[in-house]
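# Analysis of the macromolecular model
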Amino acid sequence: MKGPARRQGTGVMRFAEDGSYSFSVFDGFEDIRETWAGLSVAAVPAPLTSVTLLEGWWETVGRARHEAMRIVLVADATGPLAVFPFVLGRYHTVRYVEWMGAAGQPGRGPLVAADVLAGLTPERALALLDGAAAALDEPVDAMLLRDMPAELGGFANPFLGPEAVAAGTGHRRHHLRAADRRPALAGADLRVGTDRLAAFGPLVFETAQSVQERAYLAAILVDQLAAASAVDPVEEDRLACLHHLAMTDPADTIDGAGTVIGGLFAGDRAVAVVLVATHGDYAATLAVSGSGAADLAGIASARLAAAHARDWFADAGFAVLDTPLSAAPETETESGAVVVPHAHLFRQKTTLGYLLCAGERTLARVKASYHEPATGEAAGRMENKRKSAAA
């Protein structure tokens, strides 16, 4: 089958006298897949910007919800530097681009080589975004870049400049190798839940080791999330996406990214399921489900599973586990995690884009006013790290 067209963008941004940046645009994964996978080796591990998982998202969710994809490869004389995975959308007559991937998940945004990220200032990062937009061969009125984390690779996210708008959401970052990491089952209510579940048999967290086990746990995950949709609605295409990703074994992918799916079993009964994306020693929770059975009422089975999963990933040698704030609410006593806030960048390119971005900023500020995660200590550490690196 013929691969998608590859187009050489016209935008070239010069940041220094001795170098320039070129932009190549792709409207499919075929011609960019190997380059993207190769760049991920030189980038900070980030499963949710991997070609493997974003391709799975596009096939199950993105294709139906968006007009098209536009993947922009940034390179210089030394080779690829970054990948900007965009999708095209339209609001009435206003055309815009936004990031691939599910809204609210930790890690939306570009994939950037680690050495480039370390020296990337907000001014240069925004210039790269503008260059990527200019390279597209169709008119774009605005860039609606939502849910970007405040931290990338240990540094303050350079793509969130002074124009960024706080999202009022974020994710928890668990540093699994930290000497002072708190026990995952420190919460008193979790200990009570553990005691209650013991009546059904030994409580064990097990991860899938075969295709058949993946399929079994994926079906339970989807069924439990669908059953809970009356309280927390989950779209059918998102359920299909989660099922698809649950079948993605890192051992079989081009870039080593994939998922781990595990179940919390009380005897032979799966009371909760956790699906986590992985790349290198970095993991990010995609979904946590819990049984809604009447005899389990009052048991925080999803939180129990998330807690057991943290211990499993720590024992398996992972360095970081990110968890969306909405995946399995935690008490402060059970988690020593840092909250990484998310923010949006709305960047207008035309007068119509200006109007759309103004409305999006207002809406985002109203939403953020209802829910603002604690950010001070974590954000301060990230900014200080960037300043010391620049020095």
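Described in the following lines is the structure provided in the data block. Being a predicted model, the structure only gives us computed values, none of them experimental.

Our next topic: the overall build of the chain. Helix and strand counts for the chain stand at ten helices and 16 strands. Looking at the chain residue by residue over its 391 residues, the buried ones come to 54%. Here the chain displays about 17,200 Å² of accessible surface, and carbon together with sulfur accounts for 55% of that area.

Let us look at empty space enclosed by the protein. To find leftover empty space, one rolls a probe the size of a water molecule over the atoms. Applying the stated rule across the entire model yields two cavities of 30 Å³ or more. In this structure, the largest cavity encloses a volume near 50 Å³. For the largest cavity, the lining is made up of ten residues, of which Thr285, Ala306, Arg310, Leu321 and Thr323 are closest to its centre. Elements supplying a minimum of two residues to the lining of the largest cavity: β13 (269-279), β14 (282-290), α8 (301-315) and β15 (320-324). Residue classes in the lining of the largest cavity are distributed as six nonpolar, two polar and two charged.

Looking now at the packing of aromatic side chains. Evaluation of the coordinates by the stated rule reveals eight aromatic pairs. Ring centres of phenylalanine 84 and phenylalanine 159 lie 5.9 Å apart, and the angle between their planes is 80°; this geometry places the pair in the edge-to-face category. Separated by 75 residues along the polypeptide, phenylalanine 84 in strand β4 (residues 79-91) and phenylalanine 159 in the loop between β9 (155-156) and β10 (165-175) bring together distant segments of the chain. Taken as a pair, phenylalanine 84 and phenylalanine 159 share a single burial class, namely buried.

Once that is clear, we can look at the pairing of β15. Burial analysis of β15 places five of its five residues in the buried class, the great majority of the element. Of the two faces of β15, the one holding Val320, Asp322 and Pro324 and the one holding Leu321 and Thr323 are both buried throughout. Here β10 runs beside β15; their pairing, made up of five bridges, is antiparallel. In the sheet register, arginine 173 faces β15, and the bridge partner there is aspartate 322. Note: β14 against β15, three bridges, orientation parallel. Looking at β15, one finds that alanine 283 is bridged to leucine 321. Taking the sense of rotation as the criterion, the β-α-β connection linking β14, α8 and β15 turns out right-handed.

Turning to helix α1 (residues 33-42), its buried residues are Arg33, Trp36, Ala37, Leu39 and Ser40. Projected onto a plane normal to the axis of α1, the buried residues spread over an arc of 160° and lie on a single side. Along α1, exposed side chains directed more than 90 degrees from the buried face belong to Glu34 and Val41. Close packing links the buried residues of α1 with α2 (51-65), β3 (68-76), β4, β6 (111-112) and β13.

Another aspect to go through is unusual backbone geometry. Positive phi values are uncommon outside glycine, yet histidine 92 reaches one of about 55°. Mapped onto the fold, histidine 92 is located in the loop between β4 and β5 (94-99). Its identity is not glycine, yet aspartate 147 carries a phi of approximately 60°, on the positive side. Here aspartate 147 shows up in strand β7 (residues 142-149).

Moving on: α2. Where α2 bends most, at tryptophan 58, the angle is about 55°. Along α2, the residues that are buried comprise Val51, Thr52, Leu53, Leu54, Glu55, Gly56, Trp57, Trp58, Val61 and Gly62. If you follow the buried residues of α2, they end up packed against α1, β3, β4, α7 (236-246), β12 (258-266) and β13.

This part covers the side chain of arginine 95. Counting through the fold element by element, arginine 95 comes out in strand β5. Among the polar contacts made by the side chain of arginine 95, one reaches the side chain of glutamate 67 at a distance of 3.1 Å. Discounting chain neighbours no more than four positions away, the residues touching arginine 95 are Glu67, Leu88, Gly89, Arg90, Glu138, Pro139, Val140, Asp141 and Ala142.

Let's shift gears to the pairing of β3. With eight of nine residues buried, β3 is to be regarded as a mostly interior element. With antiparallel pairing between neighbouring strands as the criterion, β3 and β4 make up a hairpin whose turn holds two residues.

Moving on: the environment of alanine 305. Along the chain, alanine 305 turns up in helix α8. Counting along the chain gives 43 residues from alanine 305 to glycine 262, while the straight-line C-alpha distance between them is 8.5 Å. Other than its neighbours up to four places away in sequence, alanine 305 contacts Phe205, Leu264, Ala272 and Val274.

Conventions we followed
- Residues numbered from 1 in each chain as written.
- Predicted model: local features only at pLDDT ≥ 70, side-chain atom pairs only at ≥ 80, totals over all residues.
- Heavy atoms only, no water.
- Helix = DSSP H or I, 4+ residues; strand = E, 2+ residues; numbered from the N terminus.
- Buried < 20%, exposed > 50% of the residue type's maximum accessible area, 1.4 Å probe, protein only.
- Areas by Shrake-Rupley, 256 points an atom, 1.4 Å probe, with all protein chains shown as cover.
- 1 Å grid on protein atoms, 1.4 Å probe; cavity = no way out; pocket = protein on both sides within 12 Å on 5 of 7 lines; lining within 4 Å.
- Points joined across faces, edges and corners; volume = space filled by probe spheres on them.
- Nonpolar A, V, L, I, M, F, W, Y, C, P; charged D, E, K, R; others polar.
- Phe/Tyr/Trp six-rings, centres within 6.5 Å; stacked < 30°, edge-to-face > 60°.
- Pairing = 2+ DSSP bridges.
- Right-handed = clockwise from strand over helix to strand, strands pointing away.
- Arc of directions from axis to C-beta.
- Contact = heavy atoms within 4.5 Å.
- Bend = angle between axes of the 7 residues up to and from the residue.
- Polar contact = N/O pair within 3.5 Å; in protein donor to acceptor, adjacent residues only side chain to side chain.

Remember, this is a structural readout, not a statement about activity or role.
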